[in-house]
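# Chains, contacts and geometry: an overview
Spelled out from the first residue to the last, the chains are:
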Amino acid sequence: MQIYSFSPFGYEGALVTVEVDLRRGIPATDIVGLADGAVKESRERMQAAIRNSGFEYPPERVLISLSPADLRKEGAGFDLPVALGVLAAKAVADGRTDFLSDPVLVMGELELSGNVRAVKGIHAAVSTAAACGVMRCIVPVQNADEAREIAGVQVYGADSLENAFRALSDISFYESRSSLGTGEGALPAGCTETDGVYFPEIAPGYEYAELKGQRQLVRALQIAAAGGHNLIALGAPGCGKTMAIQKFPAINPVLTTDEAQSVTRIWSLAGLIKPSEPLIRIPPFRIPHQTASIEGICGGGPTCRPGEISLAHNGVLFLDEAAEFRSSVLQMLRVPLENGTITLSRAGRSTTYPARFQLLMAVNPCPCGNYGSHSKICLCSLKSIELYWKKFSAPLLDRIDLRVFVENKSEEEADIEERPGLTTTEEIRRDIARAVKAQRKRQGIKNARLSPQEILDFCPLDTEGRKLLDNATLRYGFSPRAISSCLKVARTIADLAGSKDITAEHMTEAVEFHKLCTNLVPEL
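Residues numbered from 1 in each chain as written. Predicted model: local features only at pLDDT ≥ 70, side-chain atom pairs only at ≥ 80, totals over all residues. Heavy atoms only, no water.

On to the sheet that holds strand β10 (residues 179-180). Spatially, β3-β4-β2-β1-β5-β8-β9-β10 is the arrangement adopted by the 8 strands of the open sheet, whose pairing is mixed. Two strands bound the open sheet, and with one partner strand each, they are β3 (29-32) and β10. Here strand β5 (residues 104-106) pairs with strand β8 (residues 136-140) via 2 bridges, running parallel. By the bridge assignment for β8, V106 is matched with I138. Docked against the sheet, helix α1 (residues 37-52) engages β3 and β4 (61-67), running at close to 150° with respect to β3. (Pairing = 2+ DSSP bridges. Helix = DSSP H or I, 4+ residues; strand = E, 2+ residues; numbered from the N terminus. Contact = heavy atoms within 4.5 Å. Axes fitted to C-alpha atoms, helices over the stretch in contact; angles between N-to-C directions.)

If you want it as structure tokens, here you go:
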């Protein structure tokens, strides 16, 4: 039998072998292997928990080794494996041999009473163990459902040290009380199916029919949800751009099981998993504050904890009042937007987090917010507007596929625009479901993630569409990235319409959304 635990570092982490040796000498307990304060303190918690659980603590000198020795061990999750290692070593010294023959992963924090408390990082620990061939685990009962999201792993949920040791030393008890992980998380309550695609429940406040007079913004959000495209909404304060974007989770399809696994691993490492949702199926929707630092957005700290862009993986990062973020924070987004990953390095070690997020931004067109308005006067100087937009830089904005100017409309103008009928969330979902279903069947990923070769394969243009794109490129000075963006957006628009071919009409709408703000702000 071999007991393993898990030391988190970044996205990967490492398995830690827990070994215990009983030797002659003055009774004492030593822990070696670069243990931090929390792990060293487990010595006291473990001894109290063993005695309070009815066991006898070994009277010999106890040596606990955590290897690899040069890897720093952190967290309270080592309490349970260390305690079980000590009890197993004493049992072996007393002549017992009836332990699990297979290696076992053990994690959990001990109370002085001997009860086991939940710890973070269980999903990451169990998935790492499974990749290394360790297919049995003993984890806190509160984390058992999270561990069962890893297919093929035999999971036992322990509520006390006594039961954990019994599971370790009695194979029949372990087999009868454990269950096999399936890796197929159930859909959250309230999810509904539309044309084979699942969406979250429409909670109060997420109905687009409540939003009047912003058909163009709603259309852009529909395209963004269907194809995973980045979007920026410009408009005066109070025009409704933030309200519309905050309803976005209602039209964003539920993650597939494969997509949810990497998201769940990141959230597990961050300690954000809820017992009611052991597998994250609802796409993340992160809204960091404007005072967020680079470390808060990209991740960092001694153990390289995930930042907002990794927590938004396979979901949405929404920057409200984006111009109020630090320029360095905004520029840092450029590489993750392009690569879908971010690499963090600390003290000679590095880790790579997935960070394939969808960027949505709401921003005022100038410091006062009235630049470009037909009904209000802008009081900002040209110099102040230029400085305002320099925070974003052309390379960052070039990665934004959809650009929408949101005009402040009177109640009468909004009613006139909505006369053909309000667009409800359910109606928006129907076209999105059709587009998502087509993309999954055609290439397996959203259109926004298409590679250059895939763009050539899946986004062919007829003569009229090619001519239209070429004219727009010459007129608006589109970069090669902007051309690719227009092609991918046009592909999504065609999917929304149920068309296999990209027509000139689809390309016209894609170009309009990409060049819309070009004349408003020169830097765009």
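With that settled, the discussion passes to unusual backbone geometry. A cis amide bond links S67 with the next residue in sequence, P68, at an omega value of 10°. By the element assignment, P68 lies in the loop between β4 and α2 (79-93). Located in the positive-phi region is D195, a residue other than glycine, with phi close to 55°. By secondary structure assignment, the location of D195 is in the loop between β11 (192-194) and β12 (197-199).

In this section: the pairing of strand β20 (residues 358-363). Two faces make up the sheet, and in a regular strand the side chains alternate between them. Counted residue by residue, β20 has 6 buried out of 6 residues, so it is predominantly covered. With burial as the criterion, each face of β20 is covered, one bearing Q358, L360 and A362 and the other bearing L359, M361 and V363. Both strand β17 (residues 316-320) and β20 contribute to a ladder of 5 bridges, which runs parallel. Residue pairing for β20: L317 is matched across the bridge by L359. (Buried < 20%, exposed > 50% of the residue type's maximum accessible area, 1.4 Å probe, protein only.)

Strand order in this open sheet of 5 strands is β14-β17-β20-β13-β21, and the pairing throughout is parallel. Whereas interior strands pair on both sides, the edge strands pair on one side only; in this sheet they are β14 (285-286) and β21 (402-406). Where β14 meets β17, 2 bridges bridge the pair, whose relative direction is parallel. Looking at the pairing, R286 lines up with L317 of β17. Across the sheet, helix α7 (residues 215-227) touches β13 (231-235), β20 and β21, and the angle it forms with β21 is around 160°.

The biggest cluster of nonpolar side chains holds 68 residues, and the ones touching the most others in it are I309, L319, L333, F357, L359, W389 and F392. Among the elements that make up this core, the one with the highest residue count is helix α3 (residues 122-131) (6 residues). If we ignore the near neighbours within four places in the chain, the residues touching L359 are N230, L231, L317, L319, L333, L337 and I400. In terms of nonpolar packing, the next biggest core, distinct from the first, is built from 52 residues, I245, C486, A494 and A510 among them. (Core = buried A, V, L, I, M, F, W, Y, C linked by side-chain atoms within 4.5 Å.)

What follows concerns the side chain of R286. Its location among the elements puts R286 in strand β14. A polar contact is formed between the side chain of R286 and the side chain of E308, at a distance of 2.8 Å. Residues in contact with R286, not counting those within four places in the same chain, are W267, L272, E308, L311, A312, V316, L317 and F318. (Polar contact = N/O pair within 3.5 Å; in protein donor to acceptor, adjacent residues only side chain to side chain.)

Moving on, we come to the packing of α3 against helix α9 (residues 257-269). Their axes nearest at 7 Å, the elements α3 and α9 cross at an angle of 125°. One way to sum up the angle between α3 and α9 is to call them oblique. Every residue of α9 that contacts α3 at I122, H123, A124, S127 and T128 is listed here: Q261, T264, R265, S268 and L269. For the contact of α3 with α9, the residue count by class is 3 nonpolar, 6 polar and 1 charged. (Parallel < 35°, antiparallel > 145°, perpendicular 65-115°, else oblique. Nonpolar A, V, L, I, M, F, W, Y, C, P; charged D, E, K, R; others polar.)

Contact geometry for helix α19 (residues 463-476) and helix α21 (residues 504-515): axes closest at 9 Å, N-to-C directions at 15°. With respect to α21, the element α19 is oriented roughly parallel. In the packing of α19 onto α21, the handedness of the crossing is right-handed. Along the contact surface, α19 presents E464, G465, L468, L469, A472 and Y476, while α21 presents A504, M507, T508, V511 and K515. For the contact of α19 with α21, the per-class residue count stands at 7 nonpolar, 2 polar and 2 charged. (Left-handed = near helix turned anticlockwise from the far one by under 90°.)

A few words on helix α14 (residues 382-390). Turning to α14, its buried residues number three or more, namely I385, Y388 and W389. Mapping the buried residues of α14 onto a view down its axis gives an arc of 90°, with all of them on the same face. Relative to its buried face, α14 has exposed residues pointing more than 90 degrees away, namely K383 and K390. (Arc of directions from axis to C-beta.)

With that settled, the discussion passes to the packing of aromatic side chains. A complete count under the given rule lists 9 aromatic pairs for this structure. Aromatic pair Y388 and W389: ring centres 5.9 Å apart, planes at 80°, arrangement edge-to-face. Since its relative accessible area comes to 0%, W389 is described here as buried. Ring geometry for W389 and F392: centres 5.1 Å apart, planes at 35°, overall tilted. (Phe/Tyr/Trp six-rings, centres within 6.5 Å; stacked < 30°, edge-to-face > 60°.)

Right, let's talk about the pattern of salt bridges for a bit. This structure, assessed with the given rule, holds 23 salt bridges. Across the pair D30 and R23 runs a salt bridge, and its minimum N-O distance is 3.7 Å. Overall, R23 belongs to the partly exposed group, its relative accessible area being 33%. Among the salt bridges present, the one from E338 reaches R399, with a minimum N-O distance of 3.2 Å. Of this pair, E338 sits in helix α13 (residues 334-339) while R399 sits in the loop between α15 (394-397) and β21; the two residues are 61 residues apart in sequence, bridging distant segments of the chain. Classification of E338 by relative accessible area gives partly exposed; the value is 43%. The buried category is assigned to R399, whose relative accessible area is 14%. A single network of salt bridges, built from pairs that share partners, joins E338, D398, R399 and R481. (Salt bridge = Lys/Arg side-chain N within 4 Å of Asp/Glu carboxyl O.)

On to the pairing of strand β9 (residues 154-158). The element β9 is extensively covered by neighbouring structure, given that 5 of its 5 residues are classed as buried. By the alternation rule, side chains of β9 split into Q154, Y156 and A158 and V155 and G157, which are all buried. Pairing geometry for β9 and β10, over 2 bridges, is antiparallel. Of the residues in β10, the one forming a bridge with Q154 is L180.

Spanning 14 residues, α19 covers 20 Å between terminal C-alpha atoms, matching the ideal 20 Å at 1.5 Å per step. Among all positions in α19, only G465, L469, A472, T473 and Y476 are buried. For α19, the buried positions fall inside an angular range of 105° around the axis, keeping them on one side. Facing away from the buried side of α19 by more than 90 degrees, the exposed set consists of T463, E464, K467, L474 and R475. (Expected span 1.5 Å × (residues − 1).)

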